[in-house]
Amino acid sequence: QVQLVESGGGLVQPGGSLTLSCAASGSSFTFYSAAWYRQTPGKQRELVASISGAGHANYADFVKGRFTCSIDISKKMVYLQMNSLEPDDTAVYYCTADIYSFSSASRRDYWGQGTQVTVSS
């Protein structure tokens, strides 16, 4: 079974930076792609960035130029570097990955439990 665990969230002042990490654990699997979503109370979860296993990333318009998504297949890690943070970036950030498990010969999406990011002075 594969598990995703996010880390790196916290409280930051407007204009500050944070880097979120998503660690995948389990036996014998590989990434097809991964993505970061965020959600605030009362709102639907929204896509922030997605990345292919080859490292090609796409971003939501509201984070373009500020956030950078990267993936390290060998370390089984996905990252979200967030710069120039704004109060509207406050949300729970979730990592998701499209993973193929060699042990079960199956492919599915996995989600982490989320990490809180709060941007406030």
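Along each chain, numbering runs from 1 in the same order as the chain's sequence is written. Note on the predicted model: pLDDT of at least 70 is required for a residue's local features to be given, and 80 or more for side-chain atom pairs to be given and counted; whole-chain, interface and lining totals, by contrast, use all residues. Just so you know, side-chain values use all the structure's heavy atoms and leave hydrogens and water out.

Pairing between side chains of opposite charge can happen when their charged atoms approach one another. Any carboxyl oxygen of Asp or Glu that lies within 4 Å of a side-chain nitrogen of Lys or Arg is treated as forming a salt bridge with it. Under the counting rule described, the total for this entry stands at six salt bridges. In this structure, the salt-bridge partner of R107 is D98, at a minimum N-O distance of 2.7 Å. Residue D98 is classed as buried on the basis of its relative accessible area of 14%. One salt-bridge network, in which partners are shared between bridges, spans R38, E46, R66, E86 and D89. Exposed residues in this analysis have more than 50% of their type's maximum accessible area, buried residues have under 20%, and partly exposed residues fall in between, with area computed by a 1.4 Å probe over protein chains only.

We now examine the pairing of strand 3 (residues 18-25). One bridge is not enough; two strands pair if DSSP finds at least two bridges between them. Strands here mean DSSP runs of E at least two residues long; helices mean DSSP runs of H or I at least four residues long; both are numbered from the N terminus. Direction of pairing for strand 1 (residues 3-7) relative to strand 3: antiparallel, over a ladder of five bridges. Bridge pairing in strand 3 places L4 opposite A24.

Another aspect to go through is the layout of surface pockets. Its boundaries defined by the atoms lining it, the largest pocket holds a volume of some 160 Å³. Grid spacing is 1 Å over the protein atoms alone, the probe is 1.4 Å, and a cavity is where that probe fits but cannot get out, while a pocket is an open set with protein on both sides within 12 Å along at least five of seven lines and lining residues have an atom within 4 Å of a point. Residue lining of the largest pocket: R38, Q39, T40, K43, Q44, E46, D88, T90 and A91, and that is the complete set. Its residues assigned to classes, the lining of the largest pocket comprises one nonpolar, four polar and four charged. Grid points are joined across faces, edges and corners, and a volume is the space filled by probe spheres set on the points. When residues are grouped by polarity, Ala, Val, Leu, Ile, Met, Phe, Trp, Tyr, Cys and Pro land in nonpolar, Asp, Glu, Lys and Arg in charged, and all others, Gly among them, in polar.

A positive phi angle, near 60°, is found at K76, a position not held by glycine. Secondary-structure assignment places K76 in the loop between strand 7 (67-72) and strand 8 (77-82). The phi dihedral of A105 falls on the positive side, at around 50°, and the residue is not glycine. With respect to the secondary-structure elements, A105 resides in the loop between strand 9 (91-101) and strand 10 (106-111).

Let's shift gears to the packing of aromatic side chains. Only centres within 6.5 Å qualify two rings of Phe, Tyr or Trp (six-membered ring in Trp) as a pair; their planes then separate them into stacked at under 30 degrees, edge-to-face at over 60, and tilted for everything else. This structure, assessed with the given rule, holds three aromatic pairs. Here F29 and F31 contribute two aromatic rings whose centre-to-centre distance is 6.0 Å and whose plane-to-plane angle is 75°, an arrangement assigned as edge-to-face. For the residue pair F29 and F31, the accessibility class agrees, reading buried in each case. Pairing Y37 with W111 gives two aromatic rings, centres 5.2 Å apart and planes at 50°, and the pair type is tilted. With Y37 in strand 4 (residues 29-39) and W111 in strand 10, this residue pair connects regions lying 74 residues apart in the sequence. A relative accessible area of 38% means that W111 is categorised as partly exposed. Note on geometry: a ring has a charge over it if NZ (lysine) or CZ (arginine) is within 6 Å of the ring centre and within 35 degrees of the ring normal. When the ring centre of Y94 is taken as origin, the NZ or CZ atom of R45, which lies over that ring, is 3.8 Å away.

This paragraph deals with the nonpolar core. Considering soluble globular proteins, one finds that nonpolar side chains tend to be buried as a cluster. Residues W36, V78, L80, M82 and Y93 are the most contacted members of the largest nonpolar core, which totals 31 residues. Elements supplying a minimum of two residues to this core: strand 3, strand 4, strand 5 (46-52), strand 7, strand 8, strand 9 and strand 11 (115-119). Take this core: its biggest share by element is five residues, from strand 9. Here, the term nonpolar core denotes a set of buried Ala, Val, Leu, Ile, Met, Phe, Trp, Tyr and Cys residues that are joined through side-chain atoms within 4.5 Å.

Nothing here speaks to function; it is geometry throughout.
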